[in-house]
Amino acid sequence: MDNLSDTLKKLKITAVDRTEDSLEGCLDCLLQALAQNNMETSEKIQGSGILQLFASLLIPQSFCTAKVANIIAEVAKNDEGRSAVDQAGGAQIVIDHLRSLCSRTDPANEKLLTVFCGMLMNYSNENDSLQAQLINMGVIPTLVKLLGIHCQNAALTEMCLVAFGNLAELESSKEQFASTNIAEELVKLFKKQIEHDKREMIFEVLAPLAENDAIKLQLVEAGLVECLLEIVQEKVDSDKEDDIAELKTASDLMVLLLLGDESMQKLFEGGKGNVFQRVLSWIPSNNHQLQLAGALAIANFARNDGNCIHMVDNGIVEKLMDLLDRHVEDGNVTVQHAALSALRNLAIPVVNKAKMLSAGVTEAVLKFLKSEMPPVQFKLLGTLRMLIDAQAEAAEQLGKNVKLVERLVEWCEAKDHAGVMGESNRLLSALIRHSKSKDVIKTIVQSGGIKHLVTMATSEHVIMQNEALVALALIAALELGTAEKDLESAKLVQILHRLLADERSAPEIKYNSMVLICALIGSESLHKEVQDLAFLDVVSKLRSHENKSVAQQASLTEQRLTVES
């Protein structure tokens, strides 16, 4: 390594006087040393200060440009080296040269471009701040242009894809990518590829880019979906590992494209589109990956009422129930979750609820009540809650189902799974609110559900608080005697006092708390608790509340409490 120190000293001199033979010899020595021991040589180069001189040697058509760029690229292979190259103006160097060389297609120029792309690739690898710097300097349009011009050059194409992959992980890159014709170029490139590895490289760029809604639409318009459907068709019956992986990647990407509202609607085409029809055919497939992708795609298509109504009218519910049936015993959890997600979304429009109930969706969903998988439990609960919204008969039928109610009470205590716990509480409340049935209330009381509804009234989410208070008011109005002890032990009166006294409580929470208080005083023991807590003081202050409904309810509640005292 003493020879290396001598080489670096000599290089400093020859870099200034540009003695061609000496300079070329020094550069060759450095490249050889980097090839033998990159880390140690790189450290010596960084410490010598020679990187600052290199910028002056990077002149177009110069005999040493390629070698200097190669040395910089080698130094930029680790974090310390990248930092040193950055301090020497590496970002500006690489972008300036890529721009000046981009449009020329002669072999010597392409060779030089390959060197600078290698430098960019190493320089931008796993370093968010350097990637952000390159993005701000406009590297993305330059690289997209380069890809379009040099798409026949395999080495350059691969380097562009690696650089795109590095840059696409940054959210700030998406807007710049969306302003180029990257979608068109990648789809064009994708169509030419027959090798699995090359397709895989393009997939690795497409996946992060397709998270952006504008790019989703561009990819759909560029014809990516047709390519993906072709891959699915080619690979569906193969048992080769590479083909199975490619089928998964293609179908996953297809689902991702459907997450954009515009791209989804474009592919739906009023439910008559080729893409929608092909996706439908995945659901009865024997391939779990296609079943999963098909169900997720339907869940994504079911993001507006029009699509949902069309799909329910055209038999999608039966297809999804058949799919669920195939996964009841030891089923695939991801497929269960996806099919339930689709059913939940389809159940949102009012006109679909009765149709889905009469099709037997409730019975199909209840088969998964024994599931121990929180994602399945969460979607099951959401589907049932959507189905019974304003459907009194269905709500009563479910609310009298002891097994269901007992399971809900159990899941209301699933503290490790906040989503399941929240949905269980909301379904308990919904069963009461939509059925307004004494039998449902009795079932919930007997199963120990009252304490969970009282706890729900203290939720951080106003909508949940409100749902709990309305359900509790119905309990107090219809079955106060049955629920009295449970309401007492859950300390409901104290909670209502706190909600009314708290200035942060929303107007509807205050209003429904007062309605509930008026109902509770029908119980002797709860009435005593109300008197002991001096509710009159809190309520009288609310008569001047800025919300008219709250102020009016405060007056009514004050009168009622005064009369009853």
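Residues numbered from 1 in each chain as written. Predicted model: local features only at pLDDT ≥ 70, side-chain atom pairs only at ≥ 80, totals over all residues. Heavy atoms only, no water.

- In the nomenclature of an unreviewed UniProt entry, the chain corresponds to Rap1 GTPase-GDP dissociation stimulator 1 from the organism Suricata suricatta.

**Thoughts on the pattern of salt bridges**
And step 1. Summed over the entire model, instances satisfying the criterion amount to 26 salt bridges.
And step 2. Where Glu-185 meets Lys-188, a salt bridge forms, and the shortest distance between an N and an O atom there is 3.4 Å. Residue Glu-185 and its partner Lys-188 are located together in helix H13 (residues 182-192), separated by 3 residues, close to a single helical turn.
And step 3. Across the pair Glu-329 and Lys-370 runs a salt bridge whose closest N-O atoms are separated by 3.4 Å. (Salt bridge = Lys/Arg side-chain N within 4 Å of Asp/Glu carboxyl O. Helix = DSSP H or I, 4+ residues; strand = E, 2+ residues; numbered from the N terminus.)

**Here we look at the packing of aromatic side chains**
And step 1. One pass over the full model with this rule turns up 5 aromatic pairs.
And step 2. Between Phe-268 and Phe-276, the ring centres sit 4.9 Å apart and the planes meet at 65 degrees, which makes this aromatic pair edge-to-face. Note on accessibility: Phe-268 and Phe-276 belong to one class, buried.
And step 3. On the numbers, 5.5 Å between centres and 45 degrees between planes, the contact of Phe-268 with Phe-301 is tilted. With Phe-268 in helix H18 (residues 261-268) and Phe-301 in helix H20 (residues 288-301), this pair connects stretches of sequence that are 33 residues apart.
And step 4. Exposure remark for Phe-301: the relative accessible area of 0% places this residue in the buried category.
And step 5. Among the aromatic residues, those joined into a cluster by ring pairs are Phe-268, Phe-276 and Phe-301. (Phe/Tyr/Trp six-rings, centres within 6.5 Å; stacked < 30°, edge-to-face > 60°. Buried < 20%, exposed > 50% of the residue type's maximum accessible area, 1.4 Å probe, protein only.)

**Overview of H18**
And step 1. Among all positions in H18, only Ser-263, Met-264, Leu-267 and Phe-268 are buried. Each buried residue of H18 lies within a common arc of 135 degrees when the element is viewed along its axis, so the set occupies one face. Within H18, the exposed residues directed more than 90 degrees away from the buried face are Asp-261 and Glu-262.
And step 2. Those residues of H18 hidden inside the fold are in contact with helix H15 (213-221), helix H16 (224-235), helix H17 (241-257), helix H19 (274-282), H20 and helix H21 (305-313).
And step 3. Just downstream of H18 lies Glu-269, where phi reads positive at about 45 degrees. (Arc of directions from axis to C-beta. Contact = heavy atoms within 4.5 Å.)

**Focus: empty space enclosed by the protein**
And step 1. Under the criterion given, the structure shown has 1 cavity of 30 Å³ or more.
And step 2. In this structure, the largest cavity occupies an estimated 40 Å³ of space.
And step 3. Looking at the largest cavity, the residues that line it are Leu-147, Cys-151, Glu-185, Lys-188, Leu-189 and Lys-192.
And step 4. With 4 residues, the top contributor of residues to the lining of the largest cavity is H13.
And step 5. Across the lining of the largest cavity, the residue classes tally to 3 nonpolar, no polar and 3 charged. (1 Å grid on protein atoms, 1.4 Å probe; cavity = no way out; pocket = protein on both sides within 12 Å on 5 of 7 lines; lining within 4 Å. Points joined across faces, edges and corners; volume = space filled by probe spheres on them. Nonpolar A, V, L, I, M, F, W, Y, C, P; charged D, E, K, R; others polar.)

**Structural notes on the UniProt feature "repeat: ARM" (unreviewed entry) in the chain**
And step 1. Per the UniProt record, the feature "repeat: ARM" (unreviewed entry) sits at residues 315-347.
And step 2. With 73% helix and 0% strand, residues 315-347 has its two end C-alpha atoms placed 14 Å apart. (UniProt positions renumbered as here; feature names shortened; annotations may be inferred.)

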